[in-house]
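Report on the structure
Here is what each chain is made of, one letter per residue.
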Amino acid sequence: ALIDAEPEPADSPDALPVRDCQGAVSLRDICFGYQPGQEILHHISLDVSPGQVVAIVGATGCGKTTLINLLMRFYDVTQGAAMLDSRDIRAYQRQSLRRQYTMVLQDTWLFEGTIYENIAYGAQDVTRDDVIAAAKAAHIHQTILSLPQGYDTLLTGDGGNISKGQKQLLTIARAMLVKSPMLILDEATSNVDTQTEKIIADAMLALMRGRTCFVIAHRLSTIVGADKIVCMQAGRIVESGTHRELLQRNGVYAAMYRAQFESGQVED
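Residues numbered from 1 in each chain as written. Predicted model: local features only at pLDDT ≥ 70, side-chain atom pairs only at ≥ 80, totals over all residues. Heavy atoms only, no water.

Attention now moves to the overall build of the protein chain. A tally of regular secondary structure across the protein chain gives 9 helices and 12 strands. In the protein chain, buried positions account for 48% of the 268 residues. For the protein chain, contacts bridging at least 24 residues in sequence account for 71% of all contacts bridging at least 6. Entry remark: accessible area of the protein chain is about 13300 Å², with carbon and sulfur atoms responsible for 48%. (Helix = DSSP H or I, 4+ residues; strand = E, 2+ residues; numbered from the N terminus. Buried < 20%, exposed > 50% of the residue type's maximum accessible area, 1.4 Å probe, protein only. Contact = heavy atoms within 4.5 Å. Areas by Shrake-Rupley, 256 points an atom, 1.4 Å probe, with all protein chains shown as cover.)

In structure tokens form, the structure reads like this:
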């Protein structure tokens, strides 16, 4: 979903690389529409401190993915400003800005090659010990060892010879090796069993440690510990706070949480 559909304009000659990124993000009254006159994000303001975990929740089409697109400058805001470390992100070189983020998306991406090659992809100067340590942190090491050729097991083009949950854990292990200060997680715990969901959630917690994190949340049970939960409706932030604060407010988030609880998607 996070794809820039049109060729991007070149960076301005005075665009800067991002240096010593701290991961402080501030959205200041931003508005955005993909087409002129058709605004879909309305006056969004949000402050995120370095190392905070921010969950973004809401129904399909409420603007969650669009907000992520703006953070990474796949598009530029039409009003207001998105800031990184107190500087407007439009002042940064796009590729330098994007290198500050590691992304783990709902649709996993694996290629035809060994498990080792898939985990090491995109990381620089990694050793086999580094790859194994990342796999252990992602709770996939023992599973890899149980395969016929271990880390040298060849994956088919889309990883079709392993399960959905195992694919997700491999992409988390890959992300462990990329030492970016910020992280975007599009939760991928749908369509897996409860035990696998818990393993993925534990691996994600290890991945998030020490990074500024934006989590697009589908199952609310996985983000109850977030530092800040932002609830969106129709392109606006309608509530924000911790899980406990939002339940006590008994508003939009509380209704969403109760609906998932009653359907068995969250646990007491």
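Residues that lie three or four places apart on an α-helix share one face, since the helix turns once every 3.6 residues. Three or more residues of helix 4 (residues 128-137) are buried, namely V131, A134 and A135. Summarising the axial view, the buried residues of helix 4 lie within an arc of 100°, below the 170-degree limit, and thus occupy one face. Close packing links the buried residues of helix 4 with helix 3 (115-120), helix 5 (141-145) and helix 6 (164-176). (Arc of directions from axis to C-beta.)

Turning to the sheet that holds strand 1 (residues 25-32), a few remarks are in order. Two strands in a sheet stick together by hydrogen bonds in their backbones, pointing the same way (parallel) or opposite ways (antiparallel). Pairing is antiparallel across the open sheet formed by 4 strands, whose spatial order is 2-1-4-5. The open sheet terminates on both sides in strands that have one partner only, identified here as strand 2 (41-48) and strand 5 (87-88). Where helix 1 (residues 64-71) meets the sheet, it contacts strand 1 and strand 2, and its direction lies at approximately 115° from that of strand 1. (Pairing = 2+ DSSP bridges. Axes fitted to C-alpha atoms, helices over the stretch in contact; angles between N-to-C directions.)

Turning to the sheet that holds strand 12 (residues 236-241), a few remarks are in order. What the 6 strands build is an open sheet, ordered 6-9-10-3-11-12; its pairing is mixed. The sheet is open, and its two edges are formed by strand 6 (101-104) and strand 12, each paired on a single side. The sheet shows a mean angle of 20° between the axes of neighbouring strands, taken without regard to direction. Each of strand 3 (53-57), strand 11 (228-233) and strand 12 touches helix 9 (residues 252-262); the most contacted strand, strand 11, lies at about 95° to it.

Let us look at the environment of L207. Structurally, L207 is set in helix 7 (residues 194-208). Expressed as a C-alpha distance, the spacing of L207 and A175, which sit 32 residues apart in the sequence, is 7.5 Å. With residues up to four places along the chain from it excluded, the contact list for L207 reads V104, I172, A175, M176, L183 and L185.

Attention now goes to the packing of aromatic side chains. Evaluation of the coordinates by the stated rule reveals 7 aromatic pairs. An angle of 25° between the planes, with centres 6.2 Å apart, marks the rings of Y253 and Y257 as stacked. Linking Y253 with Y257, this pair stays in helix 9, spanning 4 residues, or about one helical turn. For Y257, a relative accessible area of 13% gives the class buried. Each member of the aromatic cluster is reached from another via a ring pair, and the members are F32, Y34 and Y75. (Phe/Tyr/Trp six-rings, centres within 6.5 Å; stacked < 30°, edge-to-face > 60°.)

Moving on, we come to the nonpolar core. Ranked by size, the top nonpolar core spans 44 residues in total, and within it I119, L170, I172 and I223 carry the most contacts. For this core, the leading source of residues is helix 6, giving 6 residues. Not counting the four nearest positions on each side in its chain, L170 is found in contact with L110, I115, I119, I140, I144, L155 and I162. Counting residues in each nonpolar core, the second largest holds 32 residues, with V18, L27, L46 and Y101 among its members. (Core = buried A, V, L, I, M, F, W, Y, C linked by side-chain atoms within 4.5 Å.)

Mapped onto the elements of the fold, K198 is located in helix 7. Judged by its relative accessible area of 41%, K198 is partly exposed. Separated by 77 residues in the primary sequence, K198 and Y121 place their C-alpha atoms 25 Å from one another.

The set of residues buried in helix 9 consists of Y253, A254, Y257 and Q260. Buried residues along helix 9 cover an arc of 130° about the axis, so they all sit on one side.

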